[in-house]
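What the coordinates show
Chain by chain, the residues:
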Amino acid sequence: MMNLANVPGPIGVFDSGYGGLTILCQMRKILPQYDYLYLGDNARAPYGSRSFDVVYKFTREAVLKLFSMGCHLVILACNTASAKALRTIQQKDLPQIDPGRRVLGIIRPTAECIGSITQSRHIGLLATEGTVNSRSYDIEINKIFPDISVTGVACPLWAAIVEANEGDSPGADYFVHKRIAQLLESDPAVDSVILGCTHYPLLMSKIVKYVPCGVKVIPQGEYVANSLKDYLARHPEMERKCTKGSSCHYLTTENPEKFKERALLFLREQVEVENVVLE
């Protein structure tokens, strides 16, 4: 791996499943000049209810795979992986693997923007059980904005609804309304809601239907992409290690045909995908 230390490569993007495609889509929109390599651990998804140890193990395997394929910079486009594995990988693994490589998450960029969005200083978080229980958003937001209160509600079925392509169904209305009502009952002062799972933007039409007028809904993709743009501008030594051919390649641990079918739902375009094994 060290022999490739100075050979430029694509920006790696990892998610446990398909939701990270919503993040990738915004990255390609805001930073179209770069090459991207997307890896979905679809065979072992979802990560949301798995333990910290298991999520760390799986995420580390994915990061190592992307490193071995030439990536110097990897974005964990997965809230659960960002919450449960990022810090350990950054502090424990990178110094041993290659201090010149970087792994970034998607919670910090969202946390950094929230202070300029909320007026009431009461934030809602809709996310997976793992992300809510980790309190990662609470911790990151309160590091920057100690005066902001965060109320998290787990939405265990939302990602499954999206992946089953049932986002427009009446059944989706029931589950979306139920969790939003639970959030607003827990804290009626909430004026901004973070969608802390990358699947949830595909439920946006349902979410805005049940969120009161004046409450802002915050998907992550644009904020993460702009944060990456800023990061590359501030770290020219890393920017030089990212190839610029405007390409995007896809890897999955699942059946490639299944990935292509689901990716069409998230990206609205046909993609070619290759199967890989993580270990």
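Each remark here, short or long, concerns the structure printed above.
Presented here is a report on the structure given in the accompanying data block.

The rules behind each value
Residues numbered from 1 in each chain as written. Predicted model: local features only at pLDDT ≥ 70, side-chain atom pairs only at ≥ 80, totals over all residues. Heavy atoms only, no water. 1 Å grid on protein atoms, 1.4 Å probe; cavity = no way out; pocket = protein on both sides within 12 Å on 5 of 7 lines; lining within 4 Å. Points joined across faces, edges and corners; volume = space filled by probe spheres on them. Helix = DSSP H or I, 4+ residues; strand = E, 2+ residues; numbered from the N terminus. Nonpolar A, V, L, I, M, F, W, Y, C, P; charged D, E, K, R; others polar. Core = buried A, V, L, I, M, F, W, Y, C linked by side-chain atoms within 4.5 Å. Buried < 20%, exposed > 50% of the residue type's maximum accessible area, 1.4 Å probe, protein only. Contact = heavy atoms within 4.5 Å. Axes fitted to C-alpha atoms, helices over the stretch in contact; angles between N-to-C directions. Parallel < 35°, antiparallel > 145°, perpendicular 65-115°, else oblique. Left-handed = near helix turned anticlockwise from the far one by under 90°. Salt bridge = Lys/Arg side-chain N within 4 Å of Asp/Glu carboxyl O. Expected span 1.5 Å × (residues − 1). Pairing = 2+ DSSP bridges.

For the rest of this paragraph, the subject is the layout of surface pockets. Reported here for the largest pocket is a volume of approximately 620 Å³. Broken down by secondary-structure element, the contributors of at least two residues to the lining of the largest pocket are α3 (79–84), α4 (86–97), α5 (107–113), α7 (136–144) and α11 (221–234). Looking at the lining of the largest pocket, the element that brings in the most residues is α11, giving 6 residues. A class-by-class count of the residues in the lining of the largest pocket yields 13 nonpolar, 7 polar and 7 charged. Of the pockets and cavities examined, the second largest pocket occupies roughly 470 Å³. In this structure, the second largest pocket is lined by 30 residues; those nearest its centre are Pro46, Tyr47, Gly48, Ala159 and His199. The set of elements that each furnish at least two residues to the lining of the second largest pocket consists of α3, α6 (129–134), α8 (158–163) and α13 (256–267). Of all the elements, α8 adds the most residues to the lining of the second largest pocket, at 4 residues. Among the residues making up the lining of the second largest pocket, the classes are represented as 12 nonpolar, 12 polar and 6 charged.

Time to look at the nonpolar core. The biggest cluster of nonpolar side chains holds 53 residues, and the ones touching the most others in it are Leu21, Leu126, Ile207, Leu232 and Tyr250. Here Leu21 is in contact with Tyr38, Tyr250, Phe259, Ala263, Phe266 and Leu267, once residues within four sequence places are set aside. In this structure, Leu37, Val55, Ala81 and Val276 belong to the second largest nonpolar core, which totals 25 residues.

The next point concerns the packing of helix α2 (residues 52–68) against α4. Packed helices, taken two at a time, are described by their axes: the angle between them and the distance between them. Remark: α2 packs on α4, axes separated minimally by 12 Å, with the N-to-C direction vectors making an angle of 40°. Here α2 is positioned oblique relative to α4, judged by the angle of their axes. Considering how the two elements wind past one another, α2 and α4 form a crossing that is right-handed. Between α2, through Tyr56, Thr59, Arg60, Val63, Leu64 and Phe67, and α4, the contact on the second element is made entirely by Thr88, Ile89, Lys92, Asp93, Leu94 and Ile97. Taken together, the residues of the contact of α2 with α4 sort by class into 7 nonpolar, 2 polar and 3 charged.

This model, assessed by the stated rule, comprises 19 salt bridges. Here Asp147 and Arg121 are joined by a salt bridge, their closest N and O atoms 2.8 Å apart. Highlighted residues: Asp147 in the loop between α7 and β6 (149–154) and Arg121 in the loop between α5 and β5 (122–127), separated in sequence by 26 residues. Across the pair Arg135 and Asp138 runs a salt bridge whose closest N-O atoms are separated by 3.1 Å. Take Arg135: its relative accessible area is 48%, and that puts it in the partly exposed class. The structure contains a network of salt bridges with shared partners spanning Arg87, Arg108, Glu112, Glu140 and Lys143.

Our focus in this paragraph is the side chain of Thr59. Along the chain, Thr59 falls in helix α2. Assessed through its relative accessible area of 0%, Thr59 is described here as buried. Once residues within four sequence positions are removed from consideration, Thr59 is found in contact with Phe14, Tyr47, Leu76, Ala81, Ala85 and Ile89.

With the exception of glycine, the majority of residues adopt a negative phi angle, and the majority of peptide bonds are in the trans configuration. The step from Ala45 to Pro46 runs through a cis peptide bond, and the omega angle for that step is 0°. Relative to the helices and strands, Pro46 is located in the loop between β2 (36–40) and α2.

With that settled, consider α2. Taking 1.5 Å of rise per residue, the 17 residues of α2 would be expected to cover 24 Å, and the 24 Å separating its terminal C-alpha atoms lies within 8% of that figure. When α2 is considered as a whole, its buried residues turn out to be Val55, Tyr56, Phe58, Thr59, Glu61, Ala62, Val63, Leu66 and Phe67. Against the buried residues of α2 lie β1 (11–15), β2, β3 (73–76), α3, α4 and β4 (102–104). In the segment just after α2, Gly70 is the residue with positive phi, at about 100°.

So, on to the sheet that holds β3. Across the sheet, 6 strands lie side by side as β4-β3-β1-β2-β9-β10; this open sheet has parallel pairing. Looking along the sheet, the strands with just one partner apiece sit at the ends: β4 and β10 (273–275). The sheet shows a mean angle of 25° between the axes of neighbouring strands, taken without regard to direction. Two strands pair when backbone bridges link them, and β2 and strand β9 (residues 248–252) are joined in this way by 5 bridges, in the parallel orientation. Residue Tyr38 lies in a different strand from β9, and its bridge partner there is Tyr250. Where α4 meets the sheet, its contacts fall on β3 and β4, and the angle it forms with β4 comes to roughly 170°.

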